[in-house]
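A look at the structure
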Amino acid sequence: MKLVNIGFGNMVSAQRVIAIVSPDSAPVKRLGQEARERGMLIDASFGRKTQAVLVMDSGHVIWSSLPAGQVSARFGDGAEQQDGMEEEPQ
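What this report covers is the structure whose coordinates are included nearby. Here the structure is a predicted model, which means the values were calculated and not measured.

1. Comments concerning a nonpolar patch on the surface
Taken together, the side chains of Met-1, Leu-3 and Met-11 present a nonpolar region at the surface, about 370 Å² in accessible area. Residue position: Leu-3 is located in strand β1 (residues 3–7).

What follows is the structure, encoded as structure tokens:
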């Protein structure tokens, strides 16, 4: 199992992450609020501004104070695709 540091020594299982998104849009804010109401929100931002939201396959939502690009770069397996463009197989 590969664990990825999401800031302040907090780790998540890389295989369980579905998405890493920016918290700026209304749908993502709503996702966080709904997760809080269900008891499925994990606030790993330690009171700092949330800059990345991780959506897990278990339904948990995790807030991180690291930027989404930095979190995805820590996965180290090409997860940091730019501009939504996928690489073409060669």
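2. Details of helix α1 (residues 26–38)
For α1, spanning 13 residues, the distance from its first C-alpha to its last is 18 Å, which sits close to the expected 18 Å at 1.5 Å a residue. The complete set of buried residues in α1 reads Val-28, Gly-32 and Ala-35. Taken down its axis, α1 places every buried residue within 65° of arc, on the same side. Along α1, the residues that are exposed and aim more than 90 degrees away from the buried face are Lys-29 and Glu-37. Two residues or fewer after α1 comes Gly-39, characterised by a positive phi angle close to 80°.

3. Points about the pairing of strand β6 (residues 61–64)
The two faces of β6 match: Val-61 and Trp-63 on one face and Ile-62 and Ser-64 on the other face are all buried. Bridge count for strand β4 (residues 41–43) against β6 is three bridges, and the pairing is parallel. Paired with Leu-41 across the bridge in β6 is Val-61. Relative to β6, strand β5 (residues 52–56) runs antiparallel, the two sharing four bridges.

What counts as what
Residues numbered from 1 in each chain as written. Predicted model: local features only at pLDDT ≥ 70, side-chain atom pairs only at ≥ 80, totals over all residues. Heavy atoms only, no water. Patch = residues over 30% accessible without salt bridge, like charges linked within 9 Å, V, L, I, M, F, W, Y side chains within 5 Å. Areas by Shrake-Rupley, 256 points an atom, 1.4 Å probe, with all protein chains shown as cover. Salt bridge = Lys/Arg side-chain N within 4 Å of Asp/Glu carboxyl O. Helix = DSSP H or I, 4+ residues; strand = E, 2+ residues; numbered from the N terminus. Expected span 1.5 Å × (residues − 1). Buried < 20%, exposed > 50% of the residue type's maximum accessible area, 1.4 Å probe, protein only. Arc of directions from axis to C-beta. Pairing = 2+ DSSP bridges.

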